[in-house]
Amino acid sequence: MVKSRWSDAEAGASALDQLVYMSRVMGQDEALVLWGGGNTSTKVEELDLLGRPTQVMYIKGTGSDMKVAQPRDFPAVRLEEIRASLAREDMSDEEMVAYFARCMIDPAAPRPSIETLLHGYLDGRAVAHSHADSVLSITNTAGREDVVGDVYGDSVAVVAYRRPGFLLAKEVALAVRANPLAQGVVLINHGLITWGGTAKEAYERHITLVARAEDFARGRAAGRRIFGPTRRTALPDAQRRAVAARVAPSLRAGVSARAPKILRFEDGSDVLEFIGSERMDELAQVGPATPDHLLNTKRSPLIVDVPDPSSAAALNEAIREELSAYTDRYLAYVERHRTNEPLLDAAPRVVLVPGIGMWTTGRDSRTCVIPADIYRHTIQVIAGAESVDRYASLSEKDGFDAEYWPLELYKLTLAPPERELASRIVLVTGAARGIGSAIARRLAGEGAHVIVTDLDESGADAVANAIVQANGAGRAVATRLDVTDERSVAAAFELARLTYGGLDVLVSNAGVAHVAPIHQLGLAEWQHSLAVNATGHFLVAREAMRLFQEQAMGGGVVFIATKNVTAPGRDFGAYSAAKAAEVQLARVLAIEGGEHGVRVNVVNPDAVFEGSGLWSGEVRRQRASSHGIDVQELEEYYRERNLLRVRVTAEDVAEAVLWLASSRSARTTGAMIPVDGGVREAFPR
Ligand code: ZN
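Residues numbered from 1 in each chain as written. Predicted model: local features only at pLDDT ≥ 70, side-chain atom pairs only at ≥ 80, totals over all residues. Heavy atoms only, no water.

1. As for the overall build of the chain
Part 1: Secondary structure assignment for the chain yields 25 helices and 18 strands.
Part 2: If one aligns the C-alpha atoms of the chain with their principal axes, the spans along those axes are about 100 × 70 × 45 Å.
Part 3: Within the span of the chain, comprising 685 residues, buried residues form 57% of the whole.
Part 4: Across the chain, the fraction of contacts at a sequence separation of at least 24, relative to all contacts at a separation of at least 6, is 73%.
Part 5: Surface exposure of the chain reaches about 28100 Å², of which carbon and sulfur atoms provide 51%. (Helix = DSSP H or I, 4+ residues; strand = E, 2+ residues; numbered from the N terminus. Buried < 20%, exposed > 50% of the residue type's maximum accessible area, 1.4 Å probe, protein only. Contact = heavy atoms within 4.5 Å. Areas by Shrake-Rupley, 256 points an atom, 1.4 Å probe, with all protein chains shown as cover.)

2. Some points on the domain arrangement of the chain
Think of interface size as the accessible area that goes away when the parts come together; that is how it is often given.
Part 1: You can read the domains of the chain as domain 1 (8–221), domain 2 (237–413) and domain 3 (425–608 + 650–674).
Part 2: Computed from C-alpha coordinates alone, the two centres of domain 2 and domain 3 are separated by 35 Å.
Part 3: Residue-level contacts link 19 residues of domain 2 with 18 residues of domain 3.
Part 4: Summing both partners gives a buried area of about 1400 Å² for domain 2 against domain 3, and 58% of it is carried by carbon and sulfur.
Part 5: Together, P249, R252 and S365 form the three largest contributors to the area buried by domain 2 at its contact with domain 3, with a combined 38%.
Part 6: Linking domain 2 with domain 3 are two salt bridges. (Domains from an automatic or database assignment. Buried area = accessible area lost by both parts, 1.4 Å probe. Salt bridge = Lys/Arg side-chain N within 4 Å of Asp/Glu carboxyl O.)

3. Remarks on a nonpolar patch on the surface
Part 1: A contiguous nonpolar surface patch, about 380 Å² in accessible area, is contributed by L643, L644, V646 and F683.
Part 2: Checked against the element boundaries, L643 lands in the loop between α24 (634–641) and α25 (650–661).
Part 3: The exposed category is assigned to L643, whose relative accessible area is 52%. (Patch = residues over 30% accessible without salt bridge, like charges linked within 9 Å, V, L, I, M, F, W, Y side chains within 5 Å.)

4. Digging into the sheet that holds strand β14 (residues 476–480)
Part 1: Strand order in the open sheet formed by seven strands is β14-β13-β12-β15-β16-β17-β18, and the pairing between neighbours is parallel. This sheet does not close on itself; its edge strands, each paired only once, are β14 and β18 (672–675). For this sheet, the mean angle separating the axes of adjacent strands, direction not counted, is 15°.
Part 2: Direction of pairing for strand β17 (residues 598–605) relative to β18: parallel, over a ladder of four bridges. Its bridge partner lying in β18, V602 is registered against M672.
Part 3: Here α25 sits on the sheet in contact with β15 (505–508), β16 (555–560), β17 and β18, set at roughly 165° to β17. (Pairing = 2+ DSSP bridges. Axes fitted to C-alpha atoms, helices over the stretch in contact; angles between N-to-C directions.)

5. Some points on the packing of helix α10 (residues 237–255) against helix α20 (residues 486–500)
Part 1: The N-to-C vectors of α10 and α20 enclose an angle of 65°; their axes lie 8 Å apart at closest approach. The orientation of α10 with respect to α20, classified from their angle, is roughly perpendicular. Remark: the crossing between α10 and α20 carries left-handed chirality. The residues of α20 that touch α10, namely those facing R241, A242, A244, A245, R246, A248, P249 and R252, are E494, R497, L498 and Y500.
Part 2: Of the residues assigned to the contact of α10 with α20, the class counts are seven nonpolar, no polar and five charged. (Parallel < 35°, antiparallel > 145°, perpendicular 65-115°, else oblique. Left-handed = near helix turned anticlockwise from the far one by under 90°. Nonpolar A, V, L, I, M, F, W, Y, C, P; charged D, E, K, R; others polar.)

6. Things to note about the packing of helix α9 (residues 199–221) against helix α15 (residues 365–388)
Part 1: Contact pair α9 / α15: the axes reach a minimum separation of 8 Å and the direction vectors enclose 65°. Classified by the interaxial angle, the pair formed by α9 and α15 is roughly perpendicular. The way α9 lies across α15 gives a crossing that is left-handed. Every residue of α15 that contacts α9 at F216, A217, R220 and A221 is listed here: G384, S387 and V388.
Part 2: Within the contact of α9 with α15, the residues separate by chemical class into four nonpolar, two polar and one charged.

7. Digging into helix α22 (residues 573–593)
Part 1: Compared with an ideal rise of 1.5 Å per residue, which puts 21 residues at 30 Å, α22 spans 30 Å between its outermost C-alpha atoms and is within 8% of the ideal.
Part 2: Along α22, the positions that sit buried rather than exposed are A574, Y575, S576, A578, K579, E582, V583, A586, L589, A590 and G593.
Part 3: Packing partners of the buried residues in α22 comprise β15, α21 (523–551), β16, β17 and β18. (Expected span 1.5 Å × (residues − 1).)

8. Considerations on the nonpolar core
Part 1: One finds M22, M26 and Y152 to be the most contacted residues of the largest nonpolar core, which totals 43 residues.
Part 2: Breaking this core down by element, the ones donating at least two residues are α2 (15–27), β2 (53–59), β4 (126–130), α6 (133–139), α7 (145–152) and α9.
Part 3: Ranked by the residues each element gives to this core, the list is headed by α9, at 10 residues.
Part 4: Excluding residues that lie within four positions of it along the chain, Y152 makes contacts with V135, I138, V186, L209, V210, R212 and A213. (Core = buried A, V, L, I, M, F, W, Y, C linked by side-chain atoms within 4.5 Å.)

9. Some remarks on the environment of V176
Part 1: One can find V176 in helix α8 (residues 166–178).
Part 2: Spatially, the C-alpha atoms of V176 and V657 are 62 Å apart, while their sequence positions differ by 481 residues.

10. A short note on the pattern of salt bridges
Part 1: On inspection of all chains with the given rule, the structure shows 46 salt bridges.
Part 2: With a closest N to O distance of 3.8 Å, R218 and E214 form a salt bridge. Placement of both R218 and E214 in helix α9 is noted, with a separation of four residues, approximately one turn of the helix.
Part 3: R218 sits in the partly exposed class, given a relative accessible area of 43%.
Part 4: The buried category is assigned to E214, whose relative accessible area is 14%.
Part 5: R645 serves as the salt-bridge partner of E640, at 3.4 Å between the closest nitrogen and oxygen.

11. Quick look at the sheet that holds strand β3 (residues 76–78)
Part 1: Ordered by their spatial adjacency, seven strands build an open sheet running β3-β2-β1-β4-β7-β6-β5, and the pairing between neighbours is mixed. A strand with exactly one partner marks an edge of an open sheet, and here the two such strands are β3 and β5 (156–159). Sheet twist, expressed as the mean angle between neighbouring strand axes with direction ignored, is 25°.
Part 2: Of the pairings in the sheet, the one linking β4 to strand β7 (residues 191–196) comprises five bridges and is antiparallel in character. The partner of H129 across the bridge, within β7, is I193.
Part 3: Contacts from α9 reach β4, β5, β6 (184–187) and β7 within the one sheet, and its direction differs from that of β7 by about 145°.

Structure follows, in structure tokens:
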């Protein structure tokens, strides 16, 4: 139930402050505004460059997100010039954008909303426009105007669907003139506009009208099963998750044909109820709730329905077939409507699997959340529409024109350039500190989505949180992982499958050091070193290899070994022998991985002390005594030992791993790269 969230204390005093505040309270209310939708404005008198009083309008910049609105997101335009355009007969989108550019007070400000004229032509000082769920429900109906009339009577003006631009703005202005008592304008298949003398007035009218549509639909829905009886019962939680983890990699491969994607899985009760219902197939094909959603969801979701959703094999088979049919349908749709714009990625953004859940796809975690949020609201909009009438969307042609509208496509160009590991998924073991932590942070900084694993769960959490702080929500997830335990390893990879849809790179780093001359080495220490430093690498590499083969998108494994593999030192028997096994494992895996496009390489660091869990006080003391030096001299000793006379840091190792994880090393597999400042006896040969 929407209600006013306005607080005079927080709204600020100036018209611009109140505009920013209104934008935020609207943007934070999901029933009103989702991800970049909606826009707001306010008209004020200001002094121009020459000190003359001038009417200007602050209007939301195109593509900015209201829930985090800042004053700089609102370019100002000269109102007199905006209003003068109303006298025109027509204006193409290109002319309109060029016109805006010449009305701007600050030419360097963001591009004003494509709905700028609409705001400018209205007399109200403050204007609010949203794509509120309940308004979409009543306007996406077969009866459209009649339903809107039932809800609002004469208190709003109604304007038929038309793509935003000059003509829609003019129609809205004329509709309001013809209906001077209107409290707002309802745009069919699109949303609601309200205005007022202040932002507060415009906002509160908005809330009142949205609530009225909500009440109307709720009254009609009472006690009815809108989506019909259940056709596919959702599998029990654990089984559903297990099946989802099994099928995600092949789904990811299928939607990554043009560019790699991240997947997001959702199986909330609202989603499961809708996708398992008898009427889902019919309703999901009708179309989007508003054209604004098309760039994020496409016109229709991919539906993968099998009689027995507990069979991962049946689902994988159906995914292949349905994806190929979906792509064919998409290309035929583009062909039907012809455009000069380049073809957008044909892969679905929303995938519904009755009995299992919903996947959304995107180039990163953020762009997966957007279609997920939109689709969950689309389900609400459909429910609302079906409770008052029959759900109906805009026509296919209007949908196509919205999806391939150059002004919408312009928003895509505002996204920052892709980083080297964008859309890539990396799992790092032993990532709570030292080298593993540096690798996780470095790869995330280049765009990777990271599963941060370690025996130390709270340490892994801290690293994942730091990655999210630096790179954005959803970019890392942490879990406890004991690399010596088969079940723990399986669980970490299941997390990768469920959270992101698969894996591109495994960085097998977890290790442990034992220091003792062989004649004093206990069997338990020897076995523990083998368990972590050899078997641990085997278990994670085996799981990664299985996943890579299911996913069929190639892959990469980087093993962190040690300089001791090529140049062992005394008292490091258990460590060096197990690490040698790790490297031999890496070489065999490189041989076996070639045919699957899986590259396997080794990095050999030496003497990385900073933040290391390997170099415990005890290990330092023992190494110092092996070298016959004082423990304080140890770092200096290692520095003096290498050819470059440098200290080697975890960041240096991370840099080598980044290169091996990236496509810049696409022709390199089976290699061993020392990161040790140059140790002559450790040269690989
Ligand atoms: Zn709009």
